[in-house]
Amino acid sequence: MANIIDVTDLVEVYADGTKAVDGVSFSVEEGQFFGFLGPNGAGKSTTIKVLTTLLKKTSGKATVAGFDVDSQAEEIRKVIGVQSQETVLDNDLTGRENLVLQGQLQRMGGSELKTRVDDLLSLVGLTDVAERRAGHYSGGMRKRLDLASALVHRPKLLFLDEPTTGLDPQSRAAIWEYLAKLNKEQSMTIFLTTQYMEEADRLCKQLYIIDHGKIVANGSPSELKSQVGADSIKLSLQDGVAGELNQKAKGILEGMSGVNSVVVSDDGLTVYARNAGLIIADIVRAFDSNRIQLAGVSFSSPTLDDVFLQHTGRRIRPEELNTKQSATSMRFGARRPTRQ
Amino acid sequence: MTFINDTQHLFVRALKKLVRNPILLFFSLFQPIIFLVLFTQLFTKFSQVPGLFPPGITYLEYATPGILLQNGFSSALQSGTSVVDDINSGFLQKMLVTPVNRSAILLGRLSSDAFRVIVQSLIILVLAYILGFSAATGLAGILVMLIVIAFFGLAWSGISLALGLRTRSAETVFGIAGFLTFPLLFMSTALVPVTAMPSWMQSVSNVNPISYAVNAVRDLAIPHSFSLTAIASAFGYIGVIAVLTLGATLYLFRKVVS
């Protein structure tokens, strides 16, 4: 499929000498859900500003929908929708008027615009409050209206600069749902920047990790995470207190392909493996045939933050680590011990 | 065509915002109305002093044109705060990622300012009429007055917009506007004739653009004084200011936009 964005060696130096974007190259396929993940000040917003024709690049080459960002800005503006980091609405206009104005500026009008606005209001669940001024909306409602205003003219390509920053988990989940739907059902290309690993992980098919204006890693979220190396699988055994059994289990596990290492600790065994999801079934089968009873299995995948950590030596947002770690666990019911 | 449509949509937006913030309208009308009611009462006898004011007219007739211009002047100076709002809220940026014509963003703003000044002027004219004012040149004269006032307002909107674009601070625009309003108003022929001023003030008044605009409007308002020269020189003077201030506005706006 054709690339809707092509960027080669993009550099953006601000007037004060700050190199916000430092030789970035990437391309985005049409229909892709594409993301930039990085901490504040990494160069995400600057890249979006160049691609949305708001900022002149210092050097490099960038095309959007086949149009050059410098010489064909006007063409680009017709096919893109942009939601900036801050929610931007005219607070004196009603929800409906905000959408209508946005459509008018995109040269829409008449019954086509009216129908489109009605549809969007119902898509983002604001039909009931459409005649109220946007200034009276709650934060989540404003964000949804802002998103709708970026969609009025059915853009081919949607730019979202940190679309859920500052939202409560419920509103965030609602936005994620709309975005996934837009990408899937209307095959709209979406370019998203975020500093939330969970968001990038959940939405993006193709992800670039950016730090200090440079791309440090790229791939699909699962590719990136598998680059980290190992998932960890925690196993606890029936009668696991007996050291003998643990040692036996350890021996079996170490003999399995795909296992990097096994550590025995007080609460059971921890297995580091390249792909926990694939190997768990093997472990269960191997234990079963060796008559070792499992009491519980849980595994946690490496997060995108682990990826960032590996490439930059820093975490994206240390204060969020505890809540953002994605852990999957399964609990087995205690099986009846079988006679040996 | 797209240019006209874009301007129209943004003109409507600006008017909606104005109507929905009646407090702003109230504040910009409050001062001229106070002037109209208080000054015309206060200075009625003063205006009878022989040799100072044109003979045979009341102070109300003399001052109404000045108050109309003061109103145009001070509400136009608010214009810059709106562009500051749009820059700071990100709304300007939101418009700039659409194909909207860049000049239409400015023209939509300016045309709504001009419209607002005309409406406010009509309100003041109606009040003045109730107090006893009438325009010697009739409805046609009032029409020309409104045109002079609207263009005068546009020129000052340019100053305010340029200030807003340069400083990006609504407080600064308000501050400078407030600072300019009174000296420029009192050192003009808006409220007293030039003959009643000390000589240094006369020389300020003689180059003060407000004097030219006021004289043109006054010539249309009071009997037997209609003068094409006054109107022509008012337009000439306003034109020069408009070219300068709107030029600066356009230059600064281009810098913001690119």
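Residues numbered from 1 in each chain as written. Chains lettered and ligands numbered in written order. Predicted model: local features only at pLDDT ≥ 70, side-chain atom pairs only at ≥ 80, totals over all residues.

## Points about the overall build of chain A
Inclusion rule: A run of H or I in DSSP becomes a helix once it reaches four residues, and a run of E becomes a strand once it reaches two; helices and strands are each numbered from the N terminus. Here, residues touch in the contact sense if the C-beta positions derived from the backbone fall within 7 Å of one another.
For chain A, the helix and strand inventory stands at 12 helices and 15 strands. Restricting the contact set of chain A to residue pairs at least 6 apart, pairs at least 24 apart contribute 68%.

## Focus: unusual backbone geometry
Residues and elements named next belong to chain A. As a reminder, the rule being used: Buried, partly exposed and exposed are defined by the number of other C-beta atoms within 10 Å of a residue's own C-beta, namely 20 or more, between the two limits, and 12 or fewer respectively, with C-beta atoms placed from the backbone.
Unusually for a residue other than glycine, Glu162 sits at a positive phi of about 45°. Inspection of the secondary structure assignment puts Glu162 in the loop between β7 (157-161) and α6 (169-185). On the basis of neighbour counts, which here come to 21 C-beta atoms within 10 Å, the residue Glu162 falls in the buried class. Its identity as a non-glycine residue notwithstanding, Arg291 has a phi of 60°, on the positive side. Within the secondary structure layout, Arg291 lies in the loop between α10 (276-289) and β14 (294-300).

## Quick word on the interface of chain A and chain B
Each partner contributes to the interface: chain A provides 20 residues, whereas chain B provides 20 residues. Every element with two or more residues in the side of chain A that touches chain B is listed here: α2 (73-79), β6 (80-83) and α3 (95-105) of chain A.

## A few points about the domain arrangement of chain A
Residues and elements named next belong to chain A. Formally: Domain limits in this description derive from either an automatic procedure or a database domain assignment. Following the grouping adopted for this structure description, the nonpolar residues are Ala, Val, Leu, Ile, Met, Phe, Trp, Tyr, Cys and Pro, the charged ones are Asp, Glu, Lys and Arg, and the polar ones are all others, Gly among them.
Domain boundaries in chain A define domain 1 (3-225) and domain 2 (228-330). The gap between the C-alpha centroids of domain 1 and domain 2 is 38 Å. Taken together, the contacts link 14 residues of domain 1 with 14 residues of domain 2. At the level of secondary structure, the elements contributing two or more residues to the side of domain 1 that touches domain 2 comprise α7 (197-203), β9 (206-211), β10 (214-219) and α8 (221-227). By residue class, the composition of the side of domain 1 that touches domain 2 is nine nonpolar, one polar and four charged.

## Observations regarding the confidence of the model for chain A
Stated precisely, the cut-off is as follows: One confidence number per residue, pLDDT, is output by the predictor and ranges from 0 to 100.
Taken as a whole, chain A shows an average pLDDT of 84; of its residues, 89% reach a score of 70 or greater. Low pLDDT, under 50, characterises residues 318-340 of chain A; the predicted model gives this stretch 28 contacts beyond four residues in sequence or across chains.

## A closer look at the confidence of the model for chain B
On average, residues of chain B score 89 in pLDDT, and 100% of them reach the 70 mark or higher. Of the two predicted TM-score estimates for the complex, the pTM is 0.80 and the ipTM is 0.87.

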